[in-house]
Amino acid sequence: MGRLAAEVIRVTLRLTHKVVPKFMKYFKFMNLHLFIPYGIFNPVYTLSTALILKHIKPHGRVLDLGCGSGVIAIYVAKNFRVREVIAYDVNRKAIATSKINARLNNVEDNIVFISRKEELLRITQLDYVVTNPPYLQLEPRDELDVNWCGGADLRLMKELLKIGCKLLKYGGKLIVTASSAANIEYVLSYLRSLGLNPRIAALARTPLDIIYLVYAVKAIKV
């Protein structure tokens, strides 16, 4: 059922992200104004981003890891008093979109945007890392699929989790979403292997799966 659900979710997301940009590019989401061009993950049509924004309580230095449209970084910069907000994505179109959205929401001067991995890896001692990764356990067929397909072994998701853990200070918190269409116990086990103590903090149900919000505290050095 997990594989079937994942394939149906993939088809639904592909259809939505191919059709909607032809008619709409500007959206209102969680009191934010967003510009979403073709190829960029649209948080409006999924539950994962909303689940994150409803439950996070960031502090200190915060990283939106794989920022996409920039919505998480922008929400944090607009609604919380934190020391620093960083938005990272290897996709330069995503970074460009994030900058546009930050400007639309008047927080462009409150976010540091990074698109080079080597620059990201120079960052240390983060308090809070948030990521809404590609959590479907399917191989991506193209660049659009990379938004939600993390590979049959979830390698794309695991890469983000590994980076997030590396950049956290001890006692720092990593926030990640996962789907019942993949193996949630596998995700929790992988987080433990990184020296994190994970727990499911919240969930949201769709007709096809359950979206889990996982909090993971960096506890030990691996």
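Residues numbered from 1 in each chain as written. Predicted model: local features only at pLDDT ≥ 70, side-chain atom pairs only at ≥ 80, totals over all residues. Heavy atoms only, no water.

Now for a nonpolar patch on the surface. Side chains of Leu-15, Val-19, Phe-23, Met-24 and Tyr-45 sit close together on the surface and give an oily, nonpolar patch of about 530 Å² of accessible area. With respect to the element layout, Val-19 can be found in helix H1 (residues 2–19). (Patch = residues over 30% accessible without salt bridge, like charges linked within 9 Å, V, L, I, M, F, W, Y side chains within 5 Å. Areas by Shrake-Rupley, 256 points an atom, 1.4 Å probe, with all protein chains shown as cover. Salt bridge = Lys/Arg side-chain N within 4 Å of Asp/Glu carboxyl O. Helix = DSSP H or I, 4+ residues; strand = E, 2+ residues; numbered from the N terminus.)

Further remarks concern the sheet that holds strand E9 (residues 210–218). Hydrogen bonds between backbone groups are what pair the strands of a sheet, and the pairing can be parallel or antiparallel. Spatial strand order, E5-E4-E3-E6-E7-E9-E8: seven strands in an open sheet with mixed pairing. The open sheet is flanked by strand E5 (112–114) and strand E8 (196–205), the only strands paired with a single partner. If you compare each strand with its neighbour and ignore which way they point, the axes differ by 15° on average. Relative to E9, E8 is paired through nine bridges, and the arrangement is antiparallel. Bridge pairing links Ala-204 to Ile-211 in E9. (Pairing = 2+ DSSP bridges. Axes fitted to C-alpha atoms, helices over the stretch in contact; angles between N-to-C directions.)

Burial runs high along helix H2 (residues 48–55): six of the eight residues are buried. Those residues of H2 not exposed but buried are Ser-48, Thr-49, Ala-50, Leu-51, Ile-52 and Leu-53. Against strand E1 (26–29), helix H3 (71–79), strand E6 (126–131), strand E7 (168–179), E8 and E9 lie the buried residues of H2. (Buried < 20%, exposed > 50% of the residue type's maximum accessible area, 1.4 Å probe, protein only. Contact = heavy atoms within 4.5 Å.)

The next subject is the packing of aromatic side chains. By the definition in use, this model includes three aromatic pairs. The aromatic ring of Tyr-190 is capped on one face by Lys-158, whose charged end is 5.4 Å from the ring centroid. In this structure, Lys-218 is placed above the aromatic ring of Tyr-170, and the distance from its NZ or CZ to the ring centre is 4.8 Å. (Phe/Tyr/Trp six-rings, centres within 6.5 Å; stacked < 30°, edge-to-face > 60°. Lys NZ or Arg CZ within 6 Å of the ring centre and 35° of its normal.)

Attention now moves to the layout of surface pockets. In this structure, the largest pocket encloses a volume near 780 Å³. Lining the largest pocket are 32 residues, with Asp-89, Val-90, Asn-91, Val-146 and Asn-147 positioned closest to its centre. When contributions to the lining of the largest pocket are tallied by element, the ones reaching two or more residues are strand E3 (61–65), H3, helix H4 (92–104) and helix H6 (155–167). The dominant element in the lining of the largest pocket, judged by the number of residues it contributes, is H6, at four residues. Among the residues making up the lining of the largest pocket, the classes are represented as 17 nonpolar, nine polar and six charged. For the second largest pocket, the lining is made up of 20 residues, of which Ile-9, Leu-13, Tyr-45, Thr-46 and Tyr-135 are closest to its centre. (1 Å grid on protein atoms, 1.4 Å probe; cavity = no way out; pocket = protein on both sides within 12 Å on 5 of 7 lines; lining within 4 Å. Points joined across faces, edges and corners; volume = space filled by probe spheres on them. Nonpolar A, V, L, I, M, F, W, Y, C, P; charged D, E, K, R; others polar.)

A few words on empty space enclosed by the protein. Within this structure, the stated rule accounts for one cavity of 30 Å³ or more. By volume, the largest cavity amounts to about 50 Å³. Lining the largest cavity we find Thr-16, His-17, Val-20, Pro-21, Met-24, Phe-27, Ile-36, Pro-37, Ile-40, Asn-42 and Tyr-45.

What follows concerns the environment of Tyr-190. Mapped onto the secondary structure, Tyr-190 falls in helix H7 (residues 184–193). On the basis of relative accessible area, Tyr-190 is assigned to the buried category, the value being 18%. Residues Tyr-190 and Lys-162, 28 residues apart in the sequence, show an inter-C-alpha distance of 9.2 Å. With sequence-adjacent residues up to four places away left out, Tyr-190 is seen in contact with Lys-158, Leu-161 and Lys-162.

Note that Arg-10 resides in helix H1. By relative accessible area, Arg-10 is classed as buried at 3%.

Before going further, it helps to examine the pairing of E9. Here E9 lies mainly inside the structure; eight of its nine residues are buried. Bridge analysis of E7 against E9 gives seven bridges, and the strand direction is antiparallel. Looking across to E9, one finds that Ala-178 is bridged to Tyr-212.

Quick look at the packing of H6 against H7 now. Contact pair H6 / H7: the axes reach a minimum separation of 10 Å and the direction vectors enclose 30°. Classed by the angle they form, the pair H6 and H7 counts as roughly parallel. The two elements H6 and H7 meet at a crossing, and its hand is right-handed. Where H6 abuts H7, its residues Met-157, Lys-158, Leu-161 and Lys-162 lie against Tyr-186, Val-187, Tyr-190 and Leu-191. Split into classes, the residues belonging to the contact of H6 with H7 amount to six nonpolar, no polar and two charged. (Parallel < 35°, antiparallel > 145°, perpendicular 65-115°, else oblique. Left-handed = near helix turned anticlockwise from the far one by under 90°.)

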